[in-house]
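The chain contents come next:
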Amino acid sequence: MRDLINSLKGDKGIWSFVVLLALISFMPVFSASANLVYVIGKGSTIGYLVKHLVHIFIGFALIYFVHKVPYHYYRGLSQIGLPIVGLLLVYTFFQGTVIDGANASRWIKVPFIGVTFQTSALASIVLMVYVARYLAKIEDKEITFKSSFIELWIPVFIVLALILPANFSTTALIFSMVCMLVFVGRYPLRYLGTIIGMGVAMLVFFVVFAKAFPNAMPNRVDTWISRVDSFFSDKPNEDDYQIEKAKIAIATGKINGLGPGKSVQKNFLPQSSSDFIFAIIVEEYGLIGGIGVLFLYLMLFFRFLVSAHKAKTLFGKLLIVGLGFPIIFQALINMGVAVELLPVTGQTLPLISSGGSSIWMTCIAVGIILSVTKKDEEIEQERLEKEEREEALQRMIDKHLEEEGREREEEEGQTSAAFSIEDETKNPMHAVMGKP
């Protein structure tokens, strides 16, 4: 175990907060899984806990192997991965599966092993790396809107268009994070404003088209509109039921909470182990537990900021921003939904909510970030080792020169004594004749 810990490279703060969030997840998932057992009518809470443990274990294995890869390799991998992700999104668009009767058209089932996988999560990572690669490539170059639109924005819009019909919240999150990333990468603001305007226009066109031709393609436009309407109105619907149960759970928790495993609303709150797990955390661990979870995410955000500042290359800085910030914003969105600051979105709480693909994609993003910090640590370590070698060499040289100086002084002293003409006797001729 000690050798394994010593083999972990990268920012130790990021490692620590990720491990803490993963450890915290076990008790809420174990408690909230009672709802799944009750609704589905099969399995057990222990079974879901073991399943979550396997997901976490695979996730940390992904972090370990991904962070060992030099981060500049991901430049080329993003170019290869983007077309593959596009094909997966097309397949998901037409062949999205249904999980336990729910509309799960954003997932596909992996053949032979039967594991469901959310392709939009992988697309988000690949797209962010691709955007970071492009911005690093055009550093210190004159940018034209035409060239950037063809090479940067067309791939972005294609990926978002394939995600949009089934998952508006993920599409909006990815688009906002891409805009944030290009802003950090010093993309011209006048071009960025044009792109944002185009994005809004495309969204309006899609909504109008979907309402005019509802059977033309599978979409969830009515669900989005109803969620926004219910957020701003008092009409009761299914989302209001979820929010009401979440608010009851949060209000019941008060300051100290009911205690681990003692949640009542987990038996009534849909998606209590994923989308609304924050409400269960507050109910069982109180306001203290909720603030503690928020504090861990904010500290992780702080470490991302520090790591991005320390990164030696623009590509490394953009990787940390593009992959790290969405994790934090997704967490804030999930918590905002639970306390009714935002409409229901379906975003999970990273590293805490149950679900394999969500955990694994978050871990891959963290692994790439750690790869950047690992490289910077290696560069800093090499610099320190070089300074130590130079100091040791200088000490050896100084010591050698000092020894030579002493030897020279001794030789000069012996020579001066042997050939001295100083008269130490009473006879002045002894010095000339060499007599003592």
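Small disclaimer: the values here were computed from a predicted structure and weren't measured.

**Student:** Would you explain the overall build of the protein chain in this entry?
**Tutor:** Looking only at helices and strands, one finds 14 helices and two strands in the protein chain. Contacts in the protein chain between residues at least 24 apart in sequence constitute 72% of all its contacts with a sequence separation of at least 6. Element-wise, carbon and sulfur atoms account for 65% of the exposed surface of the protein chain, whose accessible area totals about 23,500 Å².

**Student:** What exactly am I supposed to notice about helix α4 (residues 73-95) here?
**Tutor:** Each full turn of the α-helix corresponds to 3.6 residues, which orients residues three or four apart in the same direction. Between the first and last C-alpha of α4 there are 32 Å, a value that for 23 residues agrees with the 33 Å anticipated at 1.5 Å per step. Along its length, α4 shows its largest kink, about 30°, at Gly-81, and proline Pro-83 lies within four residues downstream of that point. Residues of α4 that are buried include every one of Tyr-74, Ser-78, Gly-81, Leu-82, Val-85, Gly-86, Leu-89 and Thr-92, and no others.

**Student:** Can you help me understand the packing of aromatic side chains in this one?
**Tutor:** Each aromatic ring pair is described using two quantities: the centre-to-centre distance and the angle formed by the ring planes. Using the criterion set out here, one finds ten aromatic pairs in the structure. Residues Phe-205 and Phe-209 carry aromatic rings whose centres are separated by 6.3 Å and whose planes lie at 25° to one another, so their mutual orientation is stacked. Of this pair, Phe-205 and Phe-209 both sit in helix α8 (residues 189-212), four residues apart, which is roughly one turn of that helix. The structure contains a cluster of three or more aromatic residues connected by ring pairs, namely Phe-145, Phe-149, Trp-153, Phe-157, Phe-175, Tyr-187 and Tyr-191.

**Student:** Got a minute to help me understand the packing of helix α7 (residues 168-184) against α8 in this structure?
**Tutor:** The geometry of a pair of packed helices is captured by two quantities: the angle between their axes and the separation between those axes. Closest axis-to-axis distance for the α7/α8 pair is 10 Å, and the angle between their directions is 170°. Considering their axes alone, α7 and α8 lie roughly antiparallel with respect to each other. Taken together, the residues of α8 that come into contact with α7 (itself represented by Phe-168, Phe-175, Cys-179, Val-182 and Phe-183) are Leu-189, Leu-192, Ile-195, Ile-196, Gly-199 and Leu-203. By residue class, the composition of the contact of α7 with α8 is ten nonpolar, one polar and no charged.

**Student:** What am I meant to see in the side chain of Ser-307 here?
**Tutor:** Structurally, Ser-307 can be placed in helix α11 (residues 277-310). With sequence-adjacent residues up to four places away left out, Ser-307 is seen in contact with Asp-11, Ile-14, Ile-320 and Thr-373.

**Student:** What is the right way to look at a negative patch on the surface in this model?
**Tutor:** A cluster of like negative charges, contributed by Glu-403, Glu-404, Glu-407, Glu-409, Glu-410 and Glu-411, occupies part of the molecular surface. Within the secondary structure, Glu-407 sits in helix α13 (residues 356-418).

**Student:** Help me understand unusual backbone geometry, please; the structure alone is not making it clear to me.
**Tutor:** Generally, phi is negative for residues other than glycine and the peptide bonds are trans, each holding for most cases. At Lys-254, a position not held by glycine, the phi torsion is positive, near 55°. By the secondary structure assignment, Lys-254 is in the loop between α10 (238-253) and α11. When its relative accessible area of 63% is taken as the criterion, Lys-254 is described as exposed.

**Student:** Would you take a moment to explain the environment of Arg-186 for this structure?
**Tutor:** One can find Arg-186 in the loop between α7 and α8. The spacing of Arg-186 and Leu-135 is 51 residues in sequence and 8.3 Å in space, taken between C-alpha atoms.

**Student:** Even after reading the chapter, I still don't get the packing of helix α5 (residues 119-137) against helix α6 (residues 145-163), so can you show me in this structure?
**Tutor:** Two elements in contact, α5 and α6, have axes whose closest approach is 11 Å; the angle formed by their N-to-C orientations is 170°. One finds that α5 runs roughly antiparallel with respect to α6. Contacts between α5 and α6 involve Ser-120, Ala-123, Leu-127, Tyr-130, Val-131, Arg-133, Tyr-134 and Lys-137 from the first element and Ser-147, Ser-148, Glu-151, Leu-152, Pro-155, Val-156, Val-159 and Ile-163 from the second.

**Student:** Just to check I follow, could you spell out the pattern of salt bridges for this structure?
**Tutor:** Counted according to the given criterion, the structure contains five salt bridges. A salt bridge links Glu-151 to Arg-133; the shortest N-O distance between them is 3.9 Å. With Glu-151 in helix α6 and Arg-133 in helix α5, the pair connects residues that are 18 residues apart, well separated along the chain. Between Glu-244 and Lys-247 there is a salt bridge, with the nearest N and O atoms lying 3.8 Å from each other. One end of the pair is Glu-244 and the other is Lys-247, both in helix α10 and three residues apart, which spans about a single turn.

The rules we used
- Residues numbered from 1 in each chain as written.
- Predicted model: local features only at pLDDT ≥ 70, side-chain atom pairs only at ≥ 80, totals over all residues.
- Heavy atoms only, no water.
- Helix = DSSP H or I, 4+ residues; strand = E, 2+ residues; numbered from the N terminus.
- Contact = heavy atoms within 4.5 Å.
- Areas by Shrake-Rupley, 256 points an atom, 1.4 Å probe, with all protein chains shown as cover.
- Expected span 1.5 Å × (residues − 1).
- Bend = angle between axes of the 7 residues up to and from the residue.
- Buried < 20%, exposed > 50% of the residue type's maximum accessible area, 1.4 Å probe, protein only.
- Phe/Tyr/Trp six-rings, centres within 6.5 Å; stacked < 30°, edge-to-face > 60°.
- Axes fitted to C-alpha atoms, helices over the stretch in contact; angles between N-to-C directions.
- Parallel < 35°, antiparallel > 145°, perpendicular 65-115°, else oblique.
- Nonpolar A, V, L, I, M, F, W, Y, C, P; charged D, E, K, R; others polar.
- Patch = residues over 30% accessible without salt bridge, like charges linked within 9 Å, V, L, I, M, F, W, Y side chains within 5 Å.
- Salt bridge = Lys/Arg side-chain N within 4 Å of Asp/Glu carboxyl O.
- Lys, Arg positive; Asp, Glu negative; His and termini not counted.
- Charge placed at Lys NZ, Arg CZ, Asp CG, Glu CD.

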